[in-house]
Amino acid sequence: MRFVVDAIMKSDILRHVDEAVVPKLVGAMVSVSQWVVNSAKERLKWAIYTFDKAGRVVSVSGGGRATGMLANSLAFEVVSSKRAIISTIGTNLEYGKYVEFGTRSHFVPFSVAPQLMLWAKRHGFNVMKRGGMKVSGRAIPFLRPALDKNKERIRRKFEGLVI
């Protein structure tokens with residue numbers, strides 16, 4: 001399954017653009033797509049953990065990489081036609097959508113998520129006793145904020161090419 005947030009330059013605008021400019025627009029779309037991917041990776045990089053008096057994690061803000069798999073899976077694909085240039089940005093990892101949008105609080109067995117067990121060990125949890133962990137399911141958006149962070153920069157990139 002592929003989860004996507006798309007940055008689209010789509011409409012009849014390409015009908016009114018000189019054909020010589022279209023390759024430049026495609027190149028610009030590749031550039032801005034890479035900006036969004038880099039921003040999303042950066043957003044996944046940092047995490048702030050809050051602990052209770054017993055040393056248990058109470059909350060996590062920001063991203064925080066356990067393995068870097070999600071950040072490393074981020075990619076984009078640019079497709080152009082006579083009417084549109086579309087960049088699809090996302091991950092092929094199933095859990096990417098759960099990180100972006102969140103889920104309800106639930107128990108995750110370590111047998112299903114071995115990387116969670118490694119994370120729990122690194123953070124001092126007694127994994128032998130538990131067999132899994134209850135996770136908050138709180139959303140940690142990374143793609144949409146990355147696109148929002150770059151909107152003005154994207155607009156400027158295309159402004160000079162189209163106008």
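Heads up: the structure comes first, above all this text.
Residues numbered from 1 in each chain as written. Predicted model: local features only at pLDDT ≥ 70, side-chain atom pairs only at ≥ 80, totals over all residues. Heavy atoms only, no water.

**Re the packing of aromatic side chains**
We count it as follows: Aromatic pairing here means that ring centres of Phe, Tyr or Trp (its six-membered ring) are within 6.5 Å. Orientation follows from the plane angle: under 30 degrees is stacked, over 60 is edge-to-face, and everything else is tilted. A ring is scored as having a charge over it whenever the NZ atom of a lysine or the CZ atom of an arginine sits within 6 Å of its centre and within 35 degrees of its normal.
Following the criterion strictly, the structure yields 0 aromatic pairs and no others. The ring of Trp35 has Arg153 lying over it, and the distance from NZ or CZ to the ring centre is 3.7 Å.

**As for the environment of Gly132**
For the record, the criterion: Secondary structure elements follow DSSP: runs of H or I no shorter than four residues count as helices, runs of E no shorter than two count as strands, and numbering proceeds from the N terminus. Working definition: with a 1.4 Å probe on protein chains only, accessible area under 20% of the residue-type maximum means buried, over 50% means exposed, and in between means partly exposed.
Take Gly132: it is sitting in strand S7 (residues 132–135). What makes Gly132 buried here is its relative accessible area of 2%. Along the sequence, Gly132 and Ala113 sit 19 residues apart, while their C-alpha atoms lie 8.5 Å from each other.

**Digging into the side chain of Glu100**
Applied cut-off: Here the positive residues are Lys and Arg and the negative ones are Asp and Glu; neither His nor the chain ends is included. Here, a salt bridge means any side-chain nitrogen of Lys or Arg that lies within 4 Å of a carboxyl oxygen of Asp or Glu. Here a polar contact is taken to be a pair of N or O atoms separated by no more than 3.5 Å, where protein atoms must pair a possible hydrogen donor with a possible acceptor and residues adjacent in sequence count only if both atoms sit in side chains.
You can see Glu100 is positioned in helix H3 (residues 96–101). Despite being buried, Glu100 has no salt bridge partner; Arg144 is the closest side chain of opposite charge, sitting 5.8 Å away. A distance of 2.8 Å separates a polar side-chain atom of Glu100 from the backbone nitrogen of Phe142. Engagement of the side chain of Glu100 in a polar contact is seen with the backbone nitrogen of Arg144, the distance being 3.1 Å.

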